[in-house]
Amino acid sequence: MVLEFFKYQGTGNDFVVVDNRLDFFPKDDLKLISKLCDRRFGIGGDGLILLENDIASDFRMVYYNADGSKSMCGNGGRCAVAFAHYLGIIGTETTFNAIDGLHFATLEGDIVNLKMNNVTDIKEKPAYSFLDTGSPHHVQLVENLERLNVKIEGAKLRYGIYGKSGSNINFVEPAEDQSFNVRTYERGVEDETLSCGTGVTAVAIAMHKQGKTASNQVDINTPGGKLAISFEQQNGSYTDIYLKGPAKQVFKGDVVC
Ligand SMILES: N[C@H](CCC[C@H](N)C(=O)O)C(=O)O
(Lines give C-alpha, C1' and ligand atoms only; values in the text may rest on other atoms or scores of the structure.)
Protein backbone atom coordinates (compact mmCIF):
# COMPACT_ATOMS: atom_id res chain seq x y z
CA MET A 1 0.00 0.00 0.00
CA VAL A 2 1.23 3.53 -0.82
CA LEU A 3 0.14 5.76 2.06
CA GLU A 4 -0.08 9.55 1.69
CA PHE A 5 0.87 11.14 4.99
CA PHE A 6 1.42 14.58 6.48
CA LYS A 7 3.82 15.45 9.30
CA TYR A 8 2.60 17.99 11.86
CA GLN A 9 4.10 19.35 15.06
CA GLY A 10 2.60 21.29 17.93
CA THR A 11 5.39 22.82 20.09
CA GLY A 12 7.62 19.92 19.09
CA ASN A 13 5.10 17.15 19.87
CA ASP A 14 5.12 15.56 16.45
CA PHE A 15 2.66 13.38 14.60
CA VAL A 16 2.16 11.36 11.45
CA VAL A 17 -1.23 12.54 10.15
CA VAL A 18 -3.40 10.64 7.65
CA ASP A 19 -6.63 11.65 5.90
CA ASN A 20 -8.64 8.51 6.57
CA ARG A 21 -12.06 9.81 5.47
CA LEU A 22 -12.24 6.87 3.03
CA ASP A 23 -11.60 4.56 6.00
CA PHE A 24 -8.85 2.58 4.27
CA PHE A 25 -6.26 2.62 7.06
CA PRO A 26 -5.68 -0.78 8.77
CA LYS A 27 -6.45 0.44 12.33
CA ASP A 28 -5.90 -2.99 13.87
CA ASP A 29 -2.33 -3.12 12.59
CA LEU A 30 -0.59 -1.69 15.66
CA LYS A 31 2.76 -2.92 14.34
CA LEU A 32 2.27 -0.69 11.28
CA ILE A 33 1.41 2.30 13.50
CA SER A 34 4.54 1.74 15.59
CA LYS A 35 6.67 1.34 12.44
CA LEU A 36 5.30 4.58 10.93
CA CYS A 37 6.18 6.38 14.18
CA ASP A 38 9.66 4.82 14.40
CA ARG A 39 12.33 7.51 13.98
CA ARG A 40 14.77 5.14 12.24
CA PHE A 41 12.68 2.62 10.34
CA GLY A 42 9.69 4.84 9.67
CA ILE A 43 8.56 8.44 9.24
CA GLY A 44 8.98 9.22 12.94
CA GLY A 45 6.55 10.73 15.41
CA ASP A 46 5.32 10.75 18.99
CA GLY A 47 2.01 9.50 17.66
CA LEU A 48 -0.23 8.91 14.64
CA ILE A 49 -3.47 10.77 13.92
CA LEU A 50 -6.27 9.59 11.63
CA LEU A 51 -8.74 12.26 10.49
CA GLU A 52 -12.08 10.60 9.73
CA ASN A 53 -15.67 11.53 8.86
CA ASP A 54 -18.03 11.83 11.81
CA ILE A 55 -21.84 11.98 11.80
CA ALA A 56 -21.99 14.13 14.94
CA SER A 57 -19.30 16.71 14.18
CA ASP A 58 -17.02 18.17 11.51
CA PHE A 59 -14.56 15.25 11.79
CA ARG A 60 -13.23 12.59 14.14
CA MET A 61 -9.65 12.47 15.40
CA VAL A 62 -8.37 8.98 16.19
CA TYR A 63 -5.08 9.24 18.13
CA TYR A 64 -2.48 6.51 18.64
CA ASN A 65 0.65 6.85 20.73
CA ALA A 66 3.83 5.59 19.09
CA ASP A 67 3.32 2.21 20.75
CA GLY A 68 -0.15 1.88 19.20
CA SER A 69 -2.10 2.64 22.39
CA LYS A 70 -5.04 5.05 22.03
CA SER A 71 -5.73 8.22 24.00
CA MET A 72 -6.82 11.82 23.72
CA CYS A 73 -4.00 14.16 22.67
CA GLY A 74 -4.11 17.92 23.19
CA ASN A 75 -1.29 18.86 20.84
CA GLY A 76 -2.54 16.23 18.39
CA GLY A 77 -6.02 17.73 18.57
CA ARG A 78 -4.59 21.13 17.73
CA CYS A 79 -2.71 19.63 14.76
CA ALA A 80 -5.85 17.79 13.58
CA VAL A 81 -7.72 21.14 13.52
CA ALA A 82 -4.94 22.69 11.43
CA PHE A 83 -5.04 19.66 9.09
CA ALA A 84 -8.85 19.86 8.72
CA HIS A 85 -8.48 23.53 7.75
CA TYR A 86 -5.72 22.60 5.24
CA LEU A 87 -8.07 20.00 3.69
CA GLY A 88 -10.83 22.59 3.42
CA ILE A 89 -13.14 20.67 5.76
CA ILE A 90 -13.45 23.61 8.18
CA GLY A 91 -13.00 27.37 8.25
CA THR A 92 -11.58 28.96 11.37
CA GLU A 93 -13.71 27.23 13.95
CA THR A 94 -14.88 23.64 14.44
CA THR A 95 -16.29 21.00 16.71
CA PHE A 96 -14.71 17.57 16.33
CA ASN A 97 -15.00 14.20 18.02
CA ALA A 98 -12.20 12.45 19.92
CA ILE A 99 -11.92 9.50 22.31
CA ASP A 100 -13.00 11.75 25.22
CA GLY A 101 -15.91 13.38 23.36
CA LEU A 102 -16.54 16.60 21.45
CA HIS A 103 -14.02 19.45 21.34
CA PHE A 104 -14.57 23.00 20.10
CA ALA A 105 -11.58 24.82 18.59
CA THR A 106 -10.69 28.01 16.76
CA LEU A 107 -7.84 28.66 14.35
CA GLU A 108 -6.04 31.97 13.73
CA GLY A 109 -3.10 31.56 11.35
CA ASP A 110 -1.20 28.60 12.80
CA ILE A 111 -2.45 29.22 16.34
CA VAL A 112 -5.12 26.75 17.46
CA ASN A 113 -7.14 27.28 20.61
CA LEU A 114 -8.61 23.94 21.70
CA LYS A 115 -11.32 23.48 24.32
CA MET A 116 -10.50 20.64 26.71
CA ASN A 117 -12.98 18.65 28.77
CA ASN A 118 -13.90 19.80 32.26
CA VAL A 119 -11.83 18.57 35.22
CA THR A 120 -13.60 17.83 38.49
CA ASP A 121 -11.49 15.11 40.11
CA ILE A 122 -7.99 16.14 41.25
CA LYS A 123 -6.18 13.74 43.59
CA GLU A 124 -3.71 15.66 45.77
CA LYS A 125 -0.87 13.73 47.44
CA PRO A 126 1.98 15.25 49.49
CA ALA A 127 4.47 15.04 46.61
CA TYR A 128 2.26 15.24 43.54
CA SER A 129 -1.21 15.72 41.99
CA PHE A 130 -3.02 13.30 39.68
CA LEU A 131 -5.76 14.35 37.25
CA ASP A 132 -7.19 13.40 33.87
CA THR A 133 -7.37 16.08 31.18
CA GLY A 134 -8.28 13.65 28.41
CA SER A 135 -5.35 11.48 29.37
CA PRO A 136 -3.98 10.70 32.86
CA HIS A 137 -1.34 13.02 34.32
CA HIS A 138 0.95 12.95 37.35
CA VAL A 139 2.12 16.50 38.19
CA GLN A 140 5.16 16.91 40.43
CA LEU A 141 7.07 20.04 41.48
CA VAL A 142 10.85 19.59 41.27
CA GLU A 143 14.02 21.68 41.61
CA ASN A 144 16.71 21.89 38.91
CA LEU A 145 14.23 20.77 36.24
CA GLU A 146 16.71 21.26 33.43
CA ARG A 147 19.15 18.78 34.99
CA LEU A 148 16.57 16.07 35.62
CA ASN A 149 16.82 12.80 33.69
CA VAL A 150 13.16 12.80 32.67
CA LYS A 151 13.29 9.45 30.87
CA ILE A 152 14.67 7.59 33.89
CA GLU A 153 12.77 9.43 36.63
CA GLY A 154 9.58 9.49 34.58
CA ALA A 155 9.69 5.75 33.91
CA LYS A 156 10.20 5.02 37.63
CA LEU A 157 6.97 6.85 38.46
CA ARG A 158 5.01 5.69 35.40
CA TYR A 159 5.66 2.03 36.18
CA GLY A 160 6.24 2.33 39.94
CA ILE A 161 2.99 4.09 40.84
CA TYR A 162 0.74 3.54 37.80
CA GLY A 163 1.63 0.01 36.68
CA LYS A 164 0.32 -1.40 33.38
CA SER A 165 -2.30 1.29 32.64
CA GLY A 166 0.35 3.93 33.31
CA SER A 167 0.22 7.71 33.39
CA ASN A 168 2.02 10.62 31.80
CA ILE A 169 4.50 12.22 34.19
CA ASN A 170 4.95 16.01 34.28
CA PHE A 171 7.82 17.62 36.19
CA VAL A 172 7.29 21.32 36.86
CA GLU A 173 9.12 24.31 38.36
CA PRO A 174 7.92 27.91 38.68
CA ALA A 175 9.62 30.46 36.38
CA GLU A 176 10.30 34.10 37.25
CA ASP A 177 7.44 35.60 35.21
CA GLN A 178 4.49 33.74 36.81
CA SER A 179 4.82 31.04 34.13
CA PHE A 180 5.94 27.47 34.75
CA ASN A 181 8.61 25.32 33.12
CA VAL A 182 7.48 21.76 32.37
CA ARG A 183 9.13 18.61 31.05
CA THR A 184 7.01 15.52 30.36
CA TYR A 185 7.54 11.75 30.21
CA GLU A 186 4.78 10.48 27.92
CA ARG A 187 2.98 7.19 28.35
CA GLY A 188 2.89 5.31 25.07
CA VAL A 189 6.02 7.04 23.82
CA GLU A 190 7.89 5.85 26.91
CA ASP A 191 10.26 8.77 26.67
CA GLU A 192 10.38 12.52 27.16
CA THR A 193 8.51 14.49 24.50
CA LEU A 194 9.19 18.14 23.71
CA SER A 195 5.73 19.06 24.94
CA CYS A 196 2.45 17.44 25.96
CA GLY A 197 -0.82 19.33 25.54
CA THR A 198 -2.99 17.43 28.01
CA GLY A 199 0.08 17.49 30.28
CA VAL A 200 0.55 21.25 30.38
CA THR A 201 -3.21 21.59 30.85
CA ALA A 202 -2.95 19.30 33.89
CA VAL A 203 0.00 21.31 35.22
CA ALA A 204 -1.83 24.64 34.91
CA ILE A 205 -4.86 23.28 36.78
CA ALA A 206 -2.77 21.56 39.45
CA MET A 207 -0.69 24.71 40.07
CA HIS A 208 -3.89 26.74 40.46
CA LYS A 209 -5.42 24.12 42.76
CA GLN A 210 -2.27 24.16 44.91
CA GLY A 211 -2.29 27.96 45.07
CA LYS A 212 1.00 28.30 43.14
CA THR A 213 -0.85 30.74 40.87
CA ALA A 214 -4.01 32.77 41.41
CA SER A 215 -4.40 33.45 37.69
CA ASN A 216 -6.82 31.55 35.44
CA GLN A 217 -4.50 32.19 32.51
CA VAL A 218 -1.26 30.22 32.81
CA ASP A 219 1.69 30.17 30.40
CA ILE A 220 3.72 26.98 30.31
CA ASN A 221 7.26 26.82 28.87
CA THR A 222 8.13 23.44 27.38
CA PRO A 223 11.33 22.41 25.56
CA GLY A 224 9.28 22.58 22.35
CA GLY A 225 7.77 26.01 22.94
CA LYS A 226 5.19 27.98 24.90
CA LEU A 227 1.56 26.95 25.44
CA ALA A 228 -1.18 29.06 27.03
CA ILE A 229 -3.89 27.52 29.21
CA SER A 230 -6.99 29.34 30.42
CA PHE A 231 -9.91 28.11 32.52
CA GLU A 232 -12.74 28.99 34.88
CA GLN A 233 -12.95 27.51 38.36
CA GLN A 234 -16.05 27.07 40.48
CA ASN A 235 -16.22 25.04 43.72
CA GLY A 236 -13.15 23.01 42.85
CA SER A 237 -14.33 22.18 39.32
CA TYR A 238 -12.43 23.47 36.30
CA THR A 239 -14.42 24.39 33.18
CA ASP A 240 -14.02 26.35 29.95
CA ILE A 241 -10.47 25.00 29.75
CA TYR A 242 -8.55 26.07 26.62
CA LEU A 243 -5.14 24.98 25.33
CA LYS A 244 -3.65 27.49 22.89
CA GLY A 245 -0.53 27.28 20.76
CA PRO A 246 0.95 26.72 17.30
CA ALA A 247 0.24 23.69 15.11
CA LYS A 248 2.28 23.44 11.92
CA GLN A 249 2.53 21.18 8.89
CA VAL A 250 6.23 20.25 8.47
CA PHE A 251 6.15 18.10 5.35
CA LYS A 252 4.03 15.61 3.41
CA GLY A 253 4.84 12.54 1.41
CA ASP A 254 4.04 8.99 0.42
CA VAL A 255 5.29 5.91 2.18
CA VAL A 256 5.13 2.31 0.95
CA CYS A 257 3.91 0.03 3.72
N1 LIG B 1 0.73 9.96 25.76
C2 LIG B 1 -0.62 10.38 26.13
C3 LIG B 1 -1.44 10.79 24.91
C4 LIG B 1 -0.83 11.94 24.16
C5 LIG B 1 -0.74 13.13 25.03
C6 LIG B 1 0.05 14.30 24.47
N7 LIG B 1 0.78 14.09 23.26
C8 LIG B 1 -0.83 15.52 24.36
O9 LIG B 1 -0.50 16.45 23.62
O10 LIG B 1 -1.86 15.56 25.08
C11 LIG B 1 -1.32 9.23 26.82
O12 LIG B 1 -1.18 8.10 26.39
O13 LIG B 1 -2.04 9.47 27.77
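Residues numbered from 1 in each chain as written. Predicted model: local features only at pLDDT ≥ 70, side-chain atom pairs only at ≥ 80, totals over all residues. Heavy atoms only, no water.

- Where an unreviewed UniProt entry is consulted, the protein chain appears under the name Diaminopimelate epimerase, with the organism given as Flagellimonas hymeniacidonis.
- Here is the UniProt Sequence similarities (unreviewed entry) comment for the protein chain, exactly as written: "Belongs to the diaminopimelate epimerase family."
- In its Catalytic activity (unreviewed entry) section, UniProt records this for the protein chain: "(2S,6S)-2,6-diaminopimelate = meso-2,6-diaminopimelate". (UniProt positions renumbered as here; feature names shortened; annotations may be inferred.)

A closer look at a nonpolar patch on the surface
Move 1: A surface patch of nonpolar side chains, amounting to about 340 Å² of accessible area, comprises M1, L22 and F24.
Move 2: With respect to the secondary-structure elements, L22 resides in the loop between strand 2 (13–19) and helix 1 (30–37). (Patch = residues over 30% accessible without salt bridge, like charges linked within 9 Å, V, L, I, M, F, W, Y side chains within 5 Å. Areas by Shrake-Rupley, 256 points an atom, 1.4 Å probe, with all protein chains shown as cover. Salt bridge = Lys/Arg side-chain N within 4 Å of Asp/Glu carboxyl O. Helix = DSSP H or I, 4+ residues; strand = E, 2+ residues; numbered from the N terminus.)

A short note on the site of the ligand
Move 1: The ligand sits among 16 residues. The nearest are N65, N168, R187, G197 and T198.
Move 2: Here G197 contributes a backbone N or O atom positioned 2.7 Å from an oxygen atom of the ligand.
Move 3: If the ligand stood free it would expose 360 Å²; the protein chains cover 100% of that surface.
Move 4: According to the grid-proximity analysis, the pocket containing the ligand is the largest cavity.
Move 5: Those elements that place two or more of their residues in the shell around the ligand are strand 4 (60–65), helix 2 (74–86) and helix 4 (197–209).
Move 6: Partitioning the shell around the ligand into residue classes produces five nonpolar, nine polar and two charged. (Near = heavy atom within 4 Å. Polar contact = N/O pair within 3.5 Å; in protein donor to acceptor, adjacent residues only side chain to side chain. 1 Å grid on protein atoms, 1.4 Å probe; cavity = no way out; pocket = protein on both sides within 12 Å on 5 of 7 lines; lining within 4 Å. Sits in = over half its atoms within 2 Å of the grid points. Nonpolar A, V, L, I, M, F, W, Y, C, P; charged D, E, K, R; others polar.)

Topic: the pairing of strand 10 (residues 136–141)
Move 1: Burial within strand 10 is extensive, with five of its six residues counted as buried.
Move 2: Bridge count for strand 9 (residues 129–132) against strand 10 is four bridges, and the pairing is antiparallel. Bridge assignment links S129 to a residue of strand 10, and that residue is V139.
Move 3: Hairpin connection, strand 9 to strand 10: the antiparallel pair is bridged by three residues, and G134 has positive phi, about 115°.
Move 4: One ladder, built from five bridges, connects strand 10 with strand 11 (residues 168–174); its direction is parallel. In the sheet register, V139 faces strand 11, and the bridge partner there is N170.
Move 5: Handedness of the crossover is the feature at issue here: the chain leaves strand 10, passes through helix 3 (residues 150–160), returns alongside strand 11, and the resulting connection is right-handed. (Buried < 20%, exposed > 50% of the residue type's maximum accessible area, 1.4 Å probe, protein only. Pairing = 2+ DSSP bridges. Right-handed = clockwise from strand over helix to strand, strands pointing away.)

So, the pattern of salt bridges
Move 1: The final tally for this structure, using the stated rule, is 13 salt bridges.
Move 2: E52 is the salt-bridge partner of K27, the closest N and O atoms lying 2.7 Å from each other. Separated by 25 residues along the polypeptide, K27 in the loop between strand 2 and helix 1 and E52 in strand 3 (residues 47–52) bring together distant segments of the chain.
Move 3: A relative accessible area of 27% means that K27 is categorised as partly exposed.
Move 4: One salt bridge connects R60 with D54, and the closest N-O pair in it is separated by 3.1 Å.
Move 5: Salt bridges sharing partners connect three or more residues here, namely K7, D14, R39 and D46.

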